[in-house]
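# Structural characterization, general
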Amino acid sequence: MANSDLSDPITLRLPRDVLAAIERIAGAADRTRSWVMVRALRQYLNAEGAEILGIAEGKEQLDKGEAEDMDDVILQIERIVRGNAA
């Protein structure tokens, strides 16, 4: 049964040591190599990948002028803390 959420197969060259580690993990977990690689990729995308995309989004916002001057933000916070927000 084909899963419609899956892409067409892709070809990927890996360093031998990485493939060996994937195969050891797959064997120990009684899973396929694909399962191990998908989990590893998802963890990367949720951590470092998300950070990279966040930085890119911030740069795009700056390019569009969607930013606040940090000194103005700090002054606003100080006013709020002192109780004279204006």
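First things first, this report covers the structure right here in the doc. (Residues numbered from 1 in each chain as written. Predicted model: local features only at pLDDT ≥ 70, side-chain atom pairs only at ≥ 80, totals over all residues. Heavy atoms only, no water.)

## Structural notes on the overall build of the chain
The condition that has to hold: Only DSSP runs of H or I reaching four residues or more are called helices, and only runs of E reaching two or more are called strands; each is numbered from the N terminus. Using C-alpha atoms as the atom set, the radius of gyration is obtained and then compared with a globule rule of 2.2 Å times the number of residues to the power 0.38. Residue exposure (1.4 Å probe, protein chains only): buried if accessible area is under 20% of the type maximum, exposed if over 50%, otherwise partly exposed. Note on areas: Shrake-Rupley, 1.4 Å probe, and residue coverage restricted to the protein chains presented here. His is not counted here, nor are the chain ends, while Lys and Arg score as positive and Asp and Glu score as negative. Working definition for charges: the position is that of NZ of Lys, CZ of Arg, CG of Asp or CD of Glu.
The secondary structure content of the chain amounts to 3 helices and 0 strands. Its helices and strands taken in sequence order, the chain reads α-α-α from the N to the C terminus. For 86 residues, the compact-globule estimate of 2.2 N^0.38 gives 12 Å, and the chain exceeds it by more than 25% at 23 Å. In terms of overall dimensions, the chain has C-alpha extents of about 65 × 30 × 30 Å along its principal axes. Here the chain holds 86 residues, and 5% of them are scored as buried. With an accessible surface of roughly 8,200 Å², the chain has 54% of that area assigned to carbon and sulfur atoms. Within the chain, one finds 11 positive and 16 negative side-chain charges whose respective centroids are separated by 11 Å.

## Some words on the pattern of salt bridges
This is how it is decided: Basic side-chain nitrogens of Lys or Arg form a salt bridge, by our definition, when they fall within 4 Å of a carboxyl oxygen of Asp or Glu.
Within this structure, the stated rule accounts for 1 salt bridge. Two residues, E23 and R33, come together in a salt bridge whose shortest N-O distance is 2.8 Å. With E23 in helix α1 (residues 16–29) and R33 in helix α2 (residues 33–63), this pair connects stretches of sequence that are 10 residues apart. Residue R33 is classed as partly exposed on the basis of its relative accessible area of 41%.

## Some details on α2
Rules: For a helix, the expected span equals 1.5 Å multiplied by the number of residues minus one.
Spanning 31 residues, α2 covers 42 Å between terminal C-alpha atoms, matching the ideal 45 Å at 1.5 Å per step. Directly after α2, the chain includes G65, whose backbone phi takes a positive value near 80°.

## Topic: the environment of D8
With respect to the helices, strands and loops of the structure, D8 is situated in the segment before α1. Distance in space between the C-alpha atoms of D8 and D72 is 50 Å, their sequence separation being 64 residues.

## Details of a nonpolar patch on the surface
As a reminder, the rule being used: Surface patches are defined over residues having more than 30% relative accessible area and no salt bridge, joining like charges when they lie within 9 Å and nonpolar side chains (Val, Leu, Ile, Met, Phe, Trp, Tyr) when within 5 Å.
Residues L41, Y44, L45 and I52 make up a contiguous nonpolar surface patch of roughly 390 Å² in combined accessible area. Turning to its location among the elements, I52 is positioned in helix α2.

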